[in-house]
Amino acid sequence: QVQLVESGGGLVQPGGSLRLSCAASGSIVSIFRMAWYRQAPGKQRELVTAITSGGSTSYADSVKGRFTISRDNAKNTVYLQMNSLIPEDTAVYYCNANYNGTFTRYDYWGRGTQVTVSS
């Protein structure tokens, strides 16, 4: 069973930056599709960004140009660099690891880390 542990959340002023980390218990970040989701109070969980095993990245329109996903295969860790934060970015951020093979499928979630953008 793979475990994902997020860290790096906190309170930041508008315009500030945070870097979230997602540490995986196994060597999966280069094999699985790794993603960050977020869920704001009263809203559905939404996909923020993802990185495939091949290194391709994608971003929600709301964070393009401000957020960057990256990974360190040696450390089994995925990062989310968040810049120019706005109050609308306030949410719990979740790390997700997903693998859809021909005969197997895996989907793991972390417990989340709170990000609050407020003055």
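Here, every reference points to the structure presented above.
Model, not experiment: these values are computed from the prediction.

A. Looking closely at the state of the cysteines. Considering all chains together, one arrives at 1 disulfide under this definition. The disulfide partner of Cys22 is Cys95, and the gap between their sulfur atoms is 2.0 Å. With the S-S bond torsion at -80°, the cross-link from Cys22 to Cys95 turns out left-handed. Taken together, the positions of Cys22 in strand E3 (residues 18-24) and Cys95 in strand E9 (residues 91-100) put the pair 73 residues apart, joining distant regions of the chain. Residue classification places Cys22 among the buried residues on the basis of a relative accessible area of 0%. Overall, Cys95 belongs to the buried group, its relative accessible area being 0%.

B. Examining the pattern of salt bridges more closely. One pass over the structure, following the stated rule, counts 4 salt bridges. Arg38 is paired through a salt bridge with Asp89; the nearest N and O atoms lie 2.9 Å apart. Of this pair, Arg38 sits in strand E4 (residues 33-39) while Asp89 sits in the loop between strand E8 (77-82) and E9, placing them 51 residues apart in sequence. Taken as a pair, Arg38 and Asp89 share a single burial class, namely buried. Between Arg66 and Asp89 there is a salt bridge, and its shortest N-O distance comes to 2.7 Å. Here Arg66, found in the loop between strand E6 (57-59) and strand E7 (67-72), pairs with Asp89, found in the loop between E8 and E9; they are 23 residues apart in sequence, far enough to count as distant. In this pair, the class of Arg66 matches that of Asp89, namely buried. The structure contains a network of salt bridges with shared partners spanning Arg38, Glu46, Arg66 and Asp89.

Cut-offs applied
- Residue positions are given per chain, counting from 1 as you read along its sequence in written order.
- It should be noted that, the model being predicted, local features are given only for residues of pLDDT at least 70 and side-chain atom pairs only at 80 or more, the latter also being counted only at that level, while totals for whole chains, interfaces and linings use all residues.
- Hydrogens and water molecules were not included; the side-chain quantities draw on all heavy atoms of the structure.
- In what follows, a disulfide is any cysteine sulfur pair within 2.5 Å.
- Secondary structure elements are defined from DSSP: runs of H or I of at least 4 residues count as helices, runs of E of at least 2 residues count as strands, and each element is numbered from the N terminus.
- Residue burial is assigned from relative accessible area. The probe radius is 1.4 Å, only protein chains are included, and a residue is buried under 20% of its type maximum, exposed over 50%, and partly exposed in between.
- A pair is scored as a salt bridge if a Lys or Arg side-chain nitrogen falls within 4 Å of a carboxyl oxygen belonging to Asp or Glu.

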